[in-house]
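# Notes for the structure review
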Amino acid sequence: MPLYEHVFLARQDLSQAQVDALANTATEIVEANEGKVTKMETWGLKNLAYKIDRNRKAHFVMLNIDAPAGVVAELERQTRINEDVIRYMTVRVEEHEEGPSVMMRKNDRERRGRRGDR
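Residues numbered from 1 in each chain as written. Predicted model: local features only at pLDDT ≥ 70, side-chain atom pairs only at ≥ 80, totals over all residues. Heavy atoms only, no water.

- Per an unreviewed UniProt entry, the recorded name for the protein is Small ribosomal subunit protein bS6, and the organism is Croceicoccus pelagius.
- Of the comments in the UniProt record for the protein, the one headed Sequence similarities (unreviewed entry) reads "Belongs to the bacterial ribosomal protein bS6 family."
- The record in UniProt for the protein states the following under Function (unreviewed entry): "Binds together with bS18 to 16S ribosomal RNA." (UniProt positions renumbered as here; feature names shortened; annotations may be inferred.)

This is the structure:
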């Protein structure tokens, strides 16, 4: 089956529990249509380069998906309907990245750098 990376941005006023619920809903949509989510990462609340629908920040979530194209179309349709999601993007990839994504490695590097300064 084709492999995809699905990233969505949720509104800044949502709690972390609500963001996790959005990610779980996306996972349920994929699994209900014979697909599989191999990895889910929450990148946290980050600043946006520009305002999107009056939001300066957003919660970033990434899902690695192993599913047919029809499942991705349904996932994008449901994401488009949801008012809590301000942007999303799904990209087909040749293979999924092993271990943490670049964004997660970046966060680890920043944390280690701050501790080293003390």
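### Quick notes on the packing of helix α1 (residues 16-32) against helix α2 (residues 69-81)
- As a packed pair, α1 and α2 sit with axes 9 Å apart at the nearest point and diverge in direction by 150°. Comparing the axis directions of α1 and α2 gives the class roughly antiparallel. Handedness of the crossing formed by α1 with α2: right-handed. In this structure, α1 contributes Ala26, Ile29 and Val30 to the contact, and α2 contributes Val71, Glu74, Leu75 and Gln78. (Axes fitted to C-alpha atoms, helices over the stretch in contact; angles between N-to-C directions. Helix = DSSP H or I, 4+ residues; strand = E, 2+ residues; numbered from the N terminus. Parallel < 35°, antiparallel > 145°, perpendicular 65-115°, else oblique. Left-handed = near helix turned anticlockwise from the far one by under 90°. Contact = heavy atoms within 4.5 Å.)

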